Amino acid sequence: AQSVTQLDSHVSVSEGTPVLLRCNYSSSYSPSLFWYVQHPNKGLQLLLKYTSAATLVKGINGFEAEFKKSETSFHLTKPSAHMSDAAEYFCVVSDPRGTALIFGKGTTLSVSS
Amino acid sequence: NAGVTQTPKFQVLKTGQSMTLQCAQDMNHNSMYWYRQDPGMGLRLIYYSASEGTTDKGEVPNGYNVSRLNKREFSLRLESAAPSQTSVYFCASTQGNQETQYFGPGTRLLVL
């Protein structure tokens, strides 16, 4: 079965320092992988998507993620955190039929000044 | 461009009451989904509709029914609400398999 594990439930960084949110996936096929962000009391917004093209995927707001098949990982990074990055982040994999998404449990990112 | 809209935004129910959550999309998408979000659980799929006229169960369908009224609209019904159904409900739509899903703003439901 497909699954997603977000390795940290909460990450705290200082403004201007790098962000790393870790995600491992389990899949028996070539999945599509996504990172979504949810700001407090808001809906979900797509940050970036991997669909078997380039392994390094660039998203919005300076985020990027690298697909590493050998490590079954899809970690999200940003060189320099901004206060507005404080939110909950979800790593997501598509199911085998591609008809639904399987969500990780989320990582809450806190950014301090 | 409205995208995916949901009504109501917030609802309080008593145990045993029924209600319908409405969802509409204006992107001409084929597929629509209902998820629930609970703290520490991520989003879990309740039901989905791959195309107009079809619906399928997701991970947590018990206690819910859905109707794909037309290509634009996909409703979620709670026939007899239970406190365990207290959650935030999100509707989403997508053009097809492996494509990006677009989410509505959510409905916060409290069942007393």
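Below is a short write-up of the structure.

The rules behind these values
Residues numbered from 1 in each chain as written. Chains lettered and ligands numbered in written order. Predicted model: local features only at pLDDT ≥ 70, side-chain atom pairs only at ≥ 80, totals over all residues. Heavy atoms only, no water. Core = buried A, V, L, I, M, F, W, Y, C linked by side-chain atoms within 4.5 Å. Buried < 20%, exposed > 50% of the residue type's maximum accessible area, 1.4 Å probe, protein only. Helix = DSSP H or I, 4+ residues; strand = E, 2+ residues; numbered from the N terminus. Contact = heavy atoms within 4.5 Å. Phe/Tyr/Trp six-rings, centres within 6.5 Å; stacked < 30°, edge-to-face > 60°. Salt bridge = Lys/Arg side-chain N within 4 Å of Asp/Glu carboxyl O. Buried area = accessible area lost by both parts, 1.4 Å probe. Polar contact = N/O pair within 3.5 Å; in protein donor to acceptor, adjacent residues only side chain to side chain. Nonpolar A, V, L, I, M, F, W, Y, C, P; charged D, E, K, R; others polar.

### Here's the deal with the nonpolar core
Consideration 1: Core analysis: the biggest nonpolar cluster contains 26 residues, and Trp35(A), Phe74(A), Leu76(A) and Tyr89(A) have the highest contact counts within it.
Consideration 2: Considering each element in turn, this core owes the most residues, four residues, to strand S10 (residues 87-94) of chain A.
Consideration 3: Dropping the residues within four chain positions of it, Phe74(A) is found in contact with Cys23(A), Leu33(A), Phe34(A), Trp35(A), Leu48(A), Tyr50(A), Ala65(A), Glu66(A), Phe67(A) and Cys91(A).
Consideration 4: Formed by 20 residues, the second largest nonpolar core is a distinct cluster that contains Val4(B), Met19(B), Tyr64(B) and Val111(B).

### Re the packing of aromatic side chains
Consideration 1: Applying the stated criterion across every chain yields a total of 14 aromatic pairs over all chains.
Consideration 2: Ring geometry for Tyr36(A) and Phe103(A): centres 6.3 Å apart, planes at 40°, overall tilted. Of this pair, Tyr36(A) sits in strand S5 (residues 33-38) while Phe103(A) sits in strand S11 (residues 101-103), placing them 67 residues apart in sequence. In this structure, Tyr36(A) and Phe103(A) share a single accessibility class: buried.
Consideration 3: Plain terms: the ring middles of Tyr33(B) and Tyr48(B) are 6.1 Å apart, the flat faces sit at 20° to each other, and that makes the pair stacked. In this pair, Tyr33(B) sits in strand S4 (residues 31-38) while Tyr48(B) sits in strand S5 (residues 42-49), placing the two residues 15 residues apart along the sequence.
Consideration 4: According to the relative accessible area criterion, Tyr48(B) is buried, its value standing at 4%.
Consideration 5: Ring pairs connect the aromatic residues Phe34(A), Tyr36(A), Phe90(A), Phe103(A), Tyr33(B), Tyr35(B), Tyr48(B) and Phe103(B), which therefore count as one cluster.

### Observations regarding the pattern of salt bridges
Consideration 1: On inspection of all chains with the given rule, the structure shows six salt bridges over all chains.
Consideration 2: Salt bridges here are not isolated pairs; linked through shared partners, they connect Arg36(B), Asp38(B) and Arg44(B).

### Focus: the interface of chain B and chain A
Consideration 1: Taken together, the 20 residues of chain B in the interface contact 23 residues of chain A.
Consideration 2: The junction of chain B with chain A conceals about 1,700 Å² of combined surface from both sides, 48% of it contributed by carbon and sulfur atoms.
Consideration 3: Between chain B and chain A we count zero salt bridges in total.
Consideration 4: Where chain B packs against chain A, one counts five residue pairs in polar contact (both at pLDDT 80 or more).
Consideration 5: Mapped onto the side of chain B that touches chain A, the elements with two or more residues apiece are S4 and S5 of chain B.
Consideration 6: It is S5(B) that contributes the most residues to the side of chain B that touches chain A, four residues altogether.
Consideration 7: Residue composition of the side of chain B that touches chain A, grouped by class: nine nonpolar, nine polar and two charged.

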